[in-house]
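# Commentary on secondary and tertiary structure
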Amino acid sequence: MTEDQTFDEMWGHDCRLRTPYEGFKSWFDEEDPRHLRAKQREAEELFRLTGITFNVYGREEAEERLIPFDIIPRVISGNEWQKLCRGITQRVLAINAFLHDIYHRQEILRASRIPHEMISRNEAFLPQMMGVDPPGRIYTHIVGVDLVRTGPGEFFVLEDNARTPSGVSYMLENRETMLQMFPELFSRNRVQPVQNYPDDLRRSLIASAPAVADDQPTLAVMTPGIFNSAYFEHAFLADKMGAELVEGHDLRVVDGRVAMRTTRGYRPVDVLYRRVDDDFLDPLNFNPESQLGVPGIMDVYRAGGITLANAPGTGIADDKAIYSYMPEIVEFYTGERPILNNVPTWRCSEPEALAHVLDHLSELVVKEVHGSGGYGMLIGPASSKKELASFRDKLKARPANYIAQPTLSLSTVPILTQKGLSPRHVDLRPFALVSPLGLKIVPGGLTRVALKKGSLVVNSSQGGGTKDTWVLED
Amino acid sequence: MGAGRLMLGRKADGLYWMFRYLERAENTVRLIETGQRIALTRLGSNESEWRSVLQTAGVLDGYEAEHDALTKDGAIDWMLRGKENRSAVSATIAAARQNARSVRTAITNEVWEATNEAYMIAGNLMARKVRERDLPTVLSAIRRHTALVRGATHGTMLRNDLYDFARIGTFIERADNTARILDVKYYVLLPSITSVGETLDNVQWESVLRSVAAYRGFRMAHISSTGPREIANFLILDRRMPRSLAFCVGKLCDNLGYLAADYDFKAPSLALAEEMEDTFKSQDIDGVFDLGLHEYIQWSIDALARLGRQIETDYRFYA
């Protein structure tokens, strides 16, 4: 695959400036590159000072690092965005319908659209959720849909994040930084605001309060703690929403409610936006070793004493093995054809697919079904013979643990380098909020960019950076 | 918001310790500055001076466990950045920032950024052993940055329970620090035949006053008579002096009182603090010397520790 086939979001396929970038380009041409590079350093200093860091796992000390920020915005037209929104809305509604079905009558299994064992043998499936009715029938209050682009109108869903999608704080802080550094850029371009996100999140969480709550429900954000890689974001969101930031040991079940230990004694929490994985949520119901959770919280939840956002067990919808069934899922619950495409996916659990994958390993991307963060994946075209051979063994040993996809020619967006603008591959994670009030998608999202030339890995834990994402008012 | 707003016990704990550690960092810096000044303005060996500096900071045992001899360089490095020294300036600033991070939602952006900046700058300045010629710059930079945190706190935090816990941490630590300086140096303030008629040139007195940033303040407050009795009075009972025991305990009563009003609940810790304040008010410095200066200081240290534990219980710092 040559670079020429790559779609650049500023220059298209044919080096002609695309409309959404016109305003940016005219500004950029008047700027002194040295001045911009100085601004780039200034931005980094700003981030360091405000403490926007993430912790890297797998090191002796959980070290705090900055996610590199590139000051060149990624621009999406209002028109393009509207189409994306329709697709995301359809997909998110289907995911909620799917979750309700899986934890109730399992019609989709009865209709044989998904094999039984995909659910029953899936670690992300929680039998404890069977028959539970979450307030408002909402399972995923917050969803992040990872999209990649290959052409002007061609978007693909890379994966759904229906458990605890992260990154929204970077979306907000990136915009804040850009507004501070380049106010004139925003006077020239009509960029849709993202700043309402924390208010929207608060409103939609409060609207999802359980029936036992009074007219002023108490909202708290639950974090695994200060050493978690996304701790900054947990604190950031709690702060912006005016909610309490709690850890497991701040909570306890008191009189059938989940209560937090305040300076005035234990007080009930109505809605818990939890950023702790299912497995660690409740040592009595799930992993007994968990120090992060609250013993008995699941029993309170099942009795309708608290809203957990997102609901436990939503992982069954964003599992990479289920992902390949998403087109069927969307059709089954909405009766419509999916607006957003899935990336074609081979399920290595199926013998024919496995044979194909083994034959074409050097052309494919292979991912662990339960993996995340870009760990444990193989990028065929970028791997050595030795790496391919050792991965082949892993595949044969546990085929059901893997899926494979073709290497897509991801779109590029310019970043600022020593030599001026230079294209790098990107993805996009828009965020959707679901509540009894309806579904809301913030106009923007998290753009992750592979800073290394030619690299396709955008994960922050693997040297990726972020950009401000603009959705223009057309 | 308002009266109905709840606050986590862990958050109260985090704020309390954030400000205790900041205060401790600042006090340790001042002890080093004083030690260094005494060392430079006095001939002969300073070993005993550094011993008492380490003792005041409560880090002498740790130092001796790690070192064969007591040297000036060794003592300064230990107090600034000793790896195994949890009360080292670098460790206390890191601990303050760690607590600030854990209560990030309780403090304003200004306070967080000032704390984070203090941490980053202190980290850079103390990344390597500090050379003697850089010492004054490094110490004053650290003092300036902890002062910036205090200033941001004063200027931007709402006056509610969050602020009360920050202040309570500050004044418990400060009172404890002043009491420990007095505990180590009480003997230089005891009346003795030889010291009669001596002036403030007495190096030991200067050391005591400088350790609590009161050298100039004392001169301003005491134009005429300057003796050990006046110094003891200044550090223990003088309510104009912001590091005196009486001043700090007065502030603790204030802030515990605001909490009582805010929560509509008079906690046992407030009663303890008021008891201490009554003791300070009921005696003048002659009474203190009659009771025995050392005994009096020991009582203060114990009472402060008791008060600290009671606050932790009253406001549910721990599960």
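Further up the page is the structure itself.
For the structure given in this document, a descriptive report is provided here. (Residues numbered from 1 in each chain as written. Chains lettered and ligands numbered in written order. Predicted model: local features only at pLDDT ≥ 70, side-chain atom pairs only at ≥ 80, totals over all residues. Heavy atoms only, no water.)

Attention now goes to the overall build of chain B. Secondary structure summary: chain B contains 15 helices and zero strands in total. Against the compact-globule benchmark of 20 Å for 319 residues, chain B has a radius of gyration of 20 Å, which places it among compact chains. In terms of overall dimensions, chain B has a C-alpha envelope of 60 × 50 × 35 Å along the principal axes. Evaluated residue by residue, chain B yields a buried proportion of 57% over its 319 residues. Across chain B, the fraction of contacts at a sequence separation of at least 24, relative to all contacts at a separation of at least 6, is 68%. With an accessible surface of roughly 13900 Å², chain B has 50% of that area assigned to carbon and sulfur atoms. Measuring between centres, the 41 positive side-chain charges of chain B sit 6 Å from its 42 negative side-chain charges. (Helix = DSSP H or I, 4+ residues; strand = E, 2+ residues; numbered from the N terminus. Rg over C-alpha atoms; globule rule 2.2 N^0.38 Å. Buried < 20%, exposed > 50% of the residue type's maximum accessible area, 1.4 Å probe, protein only. Contact = heavy atoms within 4.5 Å. Areas by Shrake-Rupley, 256 points an atom, 1.4 Å probe, with all protein chains shown as cover. Lys, Arg positive; Asp, Glu negative; His and termini not counted. Charge placed at Lys NZ, Arg CZ, Asp CG, Glu CD.)

Once that is clear, we can look at the overall build of chain A. Scanning chain A for helices and strands turns up 16 helices and 23 strands. For 474 residues, the compact-globule formula gives about 23 Å, and the C-alpha radius of gyration of chain A, at 22 Å, lands near that figure. The principal-axis extent of the C-alpha atoms belonging to chain A is close to 65 × 55 × 50 Å. Within chain A, the fraction of its 474 residues that count as buried is 59%. Put simply, 68% of the contacts in chain A that link residues at least 6 apart link residues at least 24 apart. Here chain A has roughly 19800 Å² of accessible surface; of this, 49% comes from carbon and sulfur atoms. Charge separation in chain A, taken as the distance between the mean sites of 53 positive and 64 negative side-chain charges, equals 2 Å.

For the rest of this paragraph, the subject is the environment of A:T177. Residue and element names in this part refer to chain A. Summarising the element assignment, T177 is placed in helix 6 (residues 168-181). On the basis of relative accessible area, T177 is assigned to the buried category, the value being 5%. Through-space distance from the C-alpha of T177 to that of E42 is 9.9 Å; in sequence the pair is 135 residues apart. Once residues lying within four places of it in the same chain are set aside, the contact partners of T177 are A43, L46, F47 and F69.

This paragraph deals with the pattern of salt bridges. Residue and element names in this part refer to chain A. As enumerated under the stated definition, the model contains 49 salt bridges over all chains in all. Put simply, D14 and R16 hold a salt bridge, and the shortest N to O gap is 3.2 Å. What you see here is one network of salt bridges that share partners, running through E9, R18, R74, E80 and R149. (Salt bridge = Lys/Arg side-chain N within 4 Å of Asp/Glu carboxyl O.)

Moving on to the interface of chain A and chain B. If you look at the interface, chain A gives 27 residues, while chain B gives 30 residues. Overall, the association of chain A and chain B removes approximately 2600 Å² of surface from exposure, summing both partners, and the carbon and sulfur fraction of that is 50%. Summed over the shared surface of chain A and chain B, the result is three salt bridges. For B:K11, the salt bridge goes to A:E244, with nearest N and O atoms at 2.5 Å. For the pair chain A and chain B, the interface holds 14 residue pairs in polar contact (both at pLDDT 80 or more). Contributing elements (two or more residues each) for the side of chain A that touches chain B: helix 2 (33-50), strand 1 (53-56), helix 9 (231-241), strand 7 (244-246), strand 9 (257-262) and strand 10 (265-268) of chain A. When residues of the side of chain A that touches chain B are assigned to their parent elements, the largest contribution, five residues, is made by helix 9 of chain A. Of the residues in the side of chain A that touches chain B, the class split is ten nonpolar, eight polar and nine charged. (Buried area = accessible area lost by both parts, 1.4 Å probe. Polar contact = N/O pair within 3.5 Å; in protein donor to acceptor, adjacent residues only side chain to side chain. Nonpolar A, V, L, I, M, F, W, Y, C, P; charged D, E, K, R; others polar.)

Moving on to the pairing of strand 15 (residues 364-368) of chain A. Residue and element names in this part refer to chain A. Where burial is concerned, most of strand 15 is hidden: four out of the five residues are buried. With five bridges joining them, strand 15 and strand 17 (residues 402-406) adopt antiparallel strand pairing. Within strand 17, the position partnered with L364 by the bridge is P406. Looking at chain direction, strand 15 and strand 16 (residues 378-379) are connected through two bridges and run antiparallel. Residue pairing across strands places V365 opposite I379, the latter belonging to strand 16. (Pairing = 2+ DSSP bridges.)

The subject of this paragraph is the sheet that holds strand 12 (residues 307-309) of chain A. Residues and elements named next belong to chain A. The four strands are arranged 7-6-11-12 in an open sheet whose pairing can be described as parallel. The open sheet terminates on both sides in strands that have one partner only, identified here as strand 7 and strand 12. Each strand of the sheet is rotated relative to its neighbour by a mean of 25°, with strand direction disregarded. Note that strand 6 (residues 219-222) and strand 11 (residues 271-274) share four bridges and pair parallel. Residue L219 lies in a different strand from strand 11, and its bridge partner there is V271. Against the sheet, helix 9 contacts strand 6, strand 7 and strand 11, and its axis sits at roughly 150° relative to strand 7. (Axes fitted to C-alpha atoms, helices over the stretch in contact; angles between N-to-C directions.)

Further remarks concern helix 9 (residues 203-211) of chain B. Residue and element names in this part refer to chain B. Among the nine residues of helix 9, seven are classified as buried, and the element is accordingly described as predominantly covered. Residues of helix 9 that are buried include every one of Q204, W205, E206, S207, V208, L209 and S211, and no others. Buried residues in helix 9 make contact with helix 1 (9-41), helix 2 (47-56), helix 8 (161-185), helix 10 (215-221) and helix 11 (228-236). Trailing helix 9 by a residue or two, A213 shows a phi angle of about 55°, which is positive.

Residue and element names in this part refer to chain A. Relative to the helices and strands, R18 is located in the segment before helix 1 (22-30). R18 gets classed as buried once you look at its relative accessible area, which sits at 14%. Side-chain polar atoms of R18 contact the backbone oxygen of E9, separated by 2.7 Å. At 2.6 Å, the side chain of R18 and the side chain of E80 are in polar contact. With near-sequence residues (within four places) excluded, R18 lies in contact with F7, D8, E9, M10, W11, G12, E80 and R149.

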